[in-house]
Amino acid sequence: MTSPEIISLKNIHLTLMSDAGPVNILRGINLQIQEGETVGIVGPSGSGKSTLMSIIGGLETPTEGTVNVCGTDFNPLNEDELARFRRDNIGIVFQSFHLVPTMTALENVAIPLELAGHQDAFDIARQKLTEVGLSGREGHYPTQLSGGEQQRVALARAVISEPRILLADEPTGNLDGSTGDVIIQKMFELHDSHNTTMVLITHDESLASKCDRTVRIEDGQIVDINVPNKTRNLEEVTP
Ligand SMILES: Nc1ncnc2c1ncn2[C@@H]1O[C@H](COP(=O)(O)OP(=O)(O)O)[C@@H](O)[C@H]1O
Ligand SMILES: [Mg+2]
């Protein structure tokens, strides 16, 4: 049985104006992702990977084409509605952590729920920090944490609302190998325990191959979709 489609991109184009004239950043992207799937996105620097992720997250609006996420068509939504949709459904992790430097780890993680008016924001944030292995670090500020720890805080923040989709843009790009592996392991644990759909942008082919599918982007187009010969998540493909 196939799972329902959670991300659907149809004929996505993004053209931006520059001094030198129009620049075609995305050129006709078609991509369907099933609920609970993990998808690795690979491709050279400047090929449009981050832009594609911004479009899935509703942070950027395509010039042409249809984006449908969790059954919601983005086209009629204004910026506030997109922000609300994102808050409720999508967690995002960036290469450079994007933590608020003047807030503790706990405060950083609690922000999304606090803004949404949750009474239990700090209790849930504490649980999430424990899930990523950072209990005892709640009161630390970002500068008092290592890169890997900061990324774990960012991951806890991204999933505090238990989003159906987790987007990660080069989440291990600023980390050394073994620290990066811990982050990836945590991401896959969250995927396994919550059936979170995961879109993972990475330069690391071996990391991408841990995903159900690898999508290769070059010059704003999908040039290859590959299903690695993998052994994890076998239960998901067994009827
Ligand atoms: N806001 C922008 N204005 C102009 N060009 C942009 C903008 N954002 C991205 N680009 C260009 O779009 C292309 C794709 O960028 P990006 O999606 O960041 O690629 P990747 O993540 O694959 O490295 C690059 O050539 C980049 O310079
Ligand atoms: Mg990028």
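Residues numbered from 1 in each chain as written. Chains lettered and ligands numbered in written order. Predicted model: local features only at pLDDT ≥ 70, side-chain atom pairs only at ≥ 80, totals over all residues. Heavy atoms only, no water.

**Focus: empty space enclosed by the protein**
Part 1 of the argument: Tallied over the full model, the rule gives one cavity of 30 Å³ or more.
Part 2 of the argument: Lining the largest cavity we find Lys128, Val159, Glu162, Pro163, Leu166, Met187, Leu190, His191, His194 and Thr196.
Part 3 of the argument: At four residues, helix α6 (residues 177–194) tops the list of elements feeding residues into the lining of the largest cavity.
Part 4 of the argument: By residue class, the composition of the lining of the largest cavity is five nonpolar, three polar and two charged. (1 Å grid on protein atoms, 1.4 Å probe; cavity = no way out; pocket = protein on both sides within 12 Å on 5 of 7 lines; lining within 4 Å. Points joined across faces, edges and corners; volume = space filled by probe spheres on them. Helix = DSSP H or I, 4+ residues; strand = E, 2+ residues; numbered from the N terminus. Nonpolar A, V, L, I, M, F, W, Y, C, P; charged D, E, K, R; others polar.)

**Some thoughts on the pairing of strand β6 (residues 90–94)**
Regular strands have side chains that alternate between both faces of the sheet.
Part 1 of the argument: Within β6, four of the five residues are buried, which leaves it mostly tucked inside the rest of the structure.
Part 2 of the argument: When β6 meets strand β7 (residues 165–169), the two strands line up parallel, connected through five bridges. Bridge pairing in β7 places Val93 opposite Ala168. (Buried < 20%, exposed > 50% of the residue type's maximum accessible area, 1.4 Å probe, protein only. Pairing = 2+ DSSP bridges.)

**Structural notes on the confidence of the model for the chain**
Part 1 of the argument: Across the chain, pLDDT averages 92, with 94% of residues at or above 70.
Part 2 of the argument: Per-residue pLDDT, averaged within each element of the chain, yields its smallest value for helix α8 (residues 234–237) (44) and its largest for strand β4 (residues 64–69) (98).
Part 3 of the argument: Considering only residues more than four positions removed or in separate chains, one finds that residues 231–239, a stretch of pLDDT under 50, has 11 contacts. (pLDDT = per-residue confidence, 0-100. Contact = heavy atoms within 4.5 Å.)

**Things to note about the site of ligand 1**
Part 1 of the argument: Taken together, Leu16, Ile25, Pro44, Ser45, Gly46, Ser47, Gly48, Lys49, Ser50 and Thr51 make up the full set of residues adjacent to ligand 1.
Part 2 of the argument: The separation between an oxygen atom of ligand 1 and a polar main-chain atom of Ser47 is 3.2 Å.
Part 3 of the argument: At a separation of 2.8 Å, an oxygen atom of ligand 1 approaches a polar side-chain atom of Ser50.
Part 4 of the argument: Contact with the protein chains hides 53% of the accessible area of ligand 1, taken as 560 Å² for the molecule alone.
Part 5 of the argument: When residues of the shell around ligand 1 are assigned to their parent elements, the largest contribution, three residues, is made by helix α1 (residues 49–56).
Part 6 of the argument: Classifying every residue of the shell around ligand 1 by side-chain character gives three nonpolar, six polar and one charged. (Near = heavy atom within 4 Å. Polar contact = N/O pair within 3.5 Å; in protein donor to acceptor, adjacent residues only side chain to side chain. Areas by Shrake-Rupley, 256 points an atom, 1.4 Å probe, with all protein chains shown as cover.)

**Quick look at the environment of Ser146**
Part 1 of the argument: Among the structural elements, Ser146 can be located in the loop between α4 (121–131) and α5 (147–158).
Part 2 of the argument: Along the backbone, Ser146 and Leu175 are 29 residues apart, and their C-alpha atoms lie at a distance of 9.5 Å.

**A short note on the nonpolar core**
Part 1 of the argument: In this structure, Val109, Leu129, Val153, Leu155, Leu166, Met187 and Leu200 are the most contacted members of the largest nonpolar core, which totals 33 residues.
Part 2 of the argument: When contributions to this core are tallied by element, the ones reaching two or more residues are α3 (105–115), α4, α5, β7, α6 and β8 (197–201).
Part 3 of the argument: With 29 residues, the next largest nonpolar core counts Ile12, Cys70, Phe74 and Phe85 among its residues. (Core = buried A, V, L, I, M, F, W, Y, C linked by side-chain atoms within 4.5 Å.)

**What to know about the pattern of salt bridges**
Part 1 of the argument: Enumeration over the complete set of coordinates arrives at 10 salt bridges.
Part 2 of the argument: Glu189 is the salt-bridge partner of Lys186, the closest N and O atoms lying 3.8 Å from each other. Within this pair, Lys186 and its partner Glu189 are both found in helix α6, separated by three residues, close to a single helical turn.
Part 3 of the argument: If you follow the salt bridges from partner to partner, you end up with Lys128, Glu131 and Glu162 in one network. (Salt bridge = Lys/Arg side-chain N within 4 Å of Asp/Glu carboxyl O.)

**Section: the side chain of Ser47**
Part 1 of the argument: Summarising the element assignment, Ser47 is placed in the loop between β3 (38–42) and α1.
Part 2 of the argument: Given a relative accessible area of 3%, Ser47 falls into the buried group.
Part 3 of the argument: In contact with Ser47, other than residues within four places in its own chain, are Ile25, Ile217, Glu218, Asp219 and Gly220.

**Considerations on the pairing of β7**
Part 1 of the argument: In terms of burial, β7 is a largely internal element, five of the five residues being buried.
Part 2 of the argument: Burial along β7 is two-sided: Ile165, Leu167 and Asp169 and Leu166 and Ala168, pointing in opposite directions, are all buried.
Part 3 of the argument: Pairing geometry for β7 and β8, over five bridges, is parallel. Residue pairing in the sheet places Asp169 in a bridge with Ile201 of β8.
Part 4 of the argument: For the handedness criterion, the β-α-β arrangement of β7, α6 and β8 is classed as right-handed. (Right-handed = clockwise from strand over helix to strand, strands pointing away.)

**Side note on the sheet that holds strand β5 (residues 72–73)**
Part 1 of the argument: In space, the four strands of this open sheet follow the order β2-β1-β4-β5, with antiparallel pairing throughout. Of all the strands in the sheet, the pair left with one neighbour each is β2 (21–34) and β5.
Part 2 of the argument: Bridging between β4 and β5 involves two bridges; their strand directions are antiparallel. Opposite Asn68, over in β5, you have Asp73 as the bridge partner.
Part 3 of the argument: In this fold α1 packs onto β1 (5–18), β2 and β4, with an angle of close to 120° to the strand it touches most, β1. (Axes fitted to C-alpha atoms, helices over the stretch in contact; angles between N-to-C directions.)

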